[in-house]
Amino acid sequence: MLTRTADGGAYDLALFDGFTPTLEVVEDLYRLLRPGGTLLAGNLVLGPAPAVTRHLAEPARWRTHPLGESALCVKLP
């Protein structure tokens, strides 16, 4: 995972498609995205921790749209 952009800014898009995401990974991706940035997270059907599900469903942080085993999450300002 890249921890910052070349110019020190935030990312517009993050794609997670690996093992089931941990809370630490989801929090890092949230931190790296700009407000309005999009996270596409895969493998949510594999049973992420309840803390991950709660984080992605947090209405003050994300607008989350389930897409089968994945989710499209837009970071709110």
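Since the model is a prediction, treat every value here as computed from it, not as a measurement.

Got a sec to walk through the confidence of the model for the protein chain? Specific residues and values, please.
Per-residue confidence for the protein chain gives a mean pLDDT of 88, with 92% of residues at or over 70. Across the protein chain, the secondary-structure element scoring lowest on mean pLDDT is helix α2 (residues 50-56), at 90, and the one scoring highest is strand β2 (residues 33-41), at 95.

Could you give an account of the side chain of T38, naming the residues involved and the relevant values?
Relative to the elements of secondary structure, T38 occurs in strand β2. Excluding residues within four positions of it along the chain, T38 makes contact with D12, L13, A14, L33, L72, C73 and V74.

Please set out the environment of P35 residue by residue, giving values where relevant.
Secondary-structure assignment places P35 in strand β2. Taking relative accessible area as the criterion, P35 reaches 47% and is therefore assigned partly exposed. Sequence separation of P35 and A60 is 25 residues, and the distance between their C-alpha atoms is 12 Å. The residues contacting P35, other than those within four sequence positions of it, are K75 and P77.

How would you sum up the sheet that holds strand β1 (residues 11-16)? Please name residues and give values.
Taken together, the four strands give an open sheet; going across it, the order is β1-β2-β4-β3, and neighbouring strands pair in mixed fashion. Sheet topology places β1 and β3 (62-67) at the edges, where each strand pairs with a single neighbour. With direction set aside, neighbouring strand axes in the sheet form an average angle of 15°. As judged from the five bridges shared by β1 and β2, these two strands associate in the parallel manner.

Would you mind going over the pattern of salt bridges in detail, with residue names and values included?
Across all of its chains, the model carries two salt bridges by this definition. Measuring nitrogen to oxygen at the nearest pair gives 2.4 Å for the salt bridge that ties R34 to D12. Of this pair, R34 sits in strand β2 while D12 sits in strand β1; the two residues are 22 residues apart in sequence, bridging distant segments of the chain. Exposure remark for D12: the relative accessible area of 48% places this residue in the partly exposed category.

Pulling in residues and values, what's your account of helix α1 (residues 23-32)?
Three or more residues of α1 are buried, namely V25, V26, L29, Y30 and L32. Along the axis of α1, the buried residues cluster in a sector spanning 165°; they form a single face. Facing away from the buried side of α1 by over 90 degrees, the exposed positions are E24 and R31. The elements touched by buried residues of α1 are β1, β2, α2, β3 and β4 (70-75).

The rules behind the values
- Residues numbered from 1 in each chain as written.
- Predicted model: local features only at pLDDT ≥ 70, side-chain atom pairs only at ≥ 80, totals over all residues.
- Heavy atoms only, no water.
- pLDDT = per-residue confidence, 0-100.
- Helix = DSSP H or I, 4+ residues; strand = E, 2+ residues; numbered from the N terminus.
- Contact = heavy atoms within 4.5 Å.
- Buried < 20%, exposed > 50% of the residue type's maximum accessible area, 1.4 Å probe, protein only.
- Pairing = 2+ DSSP bridges.
- Axes fitted to C-alpha atoms, helices over the stretch in contact; angles between N-to-C directions.
- Salt bridge = Lys/Arg side-chain N within 4 Å of Asp/Glu carboxyl O.
- Arc of directions from axis to C-beta.

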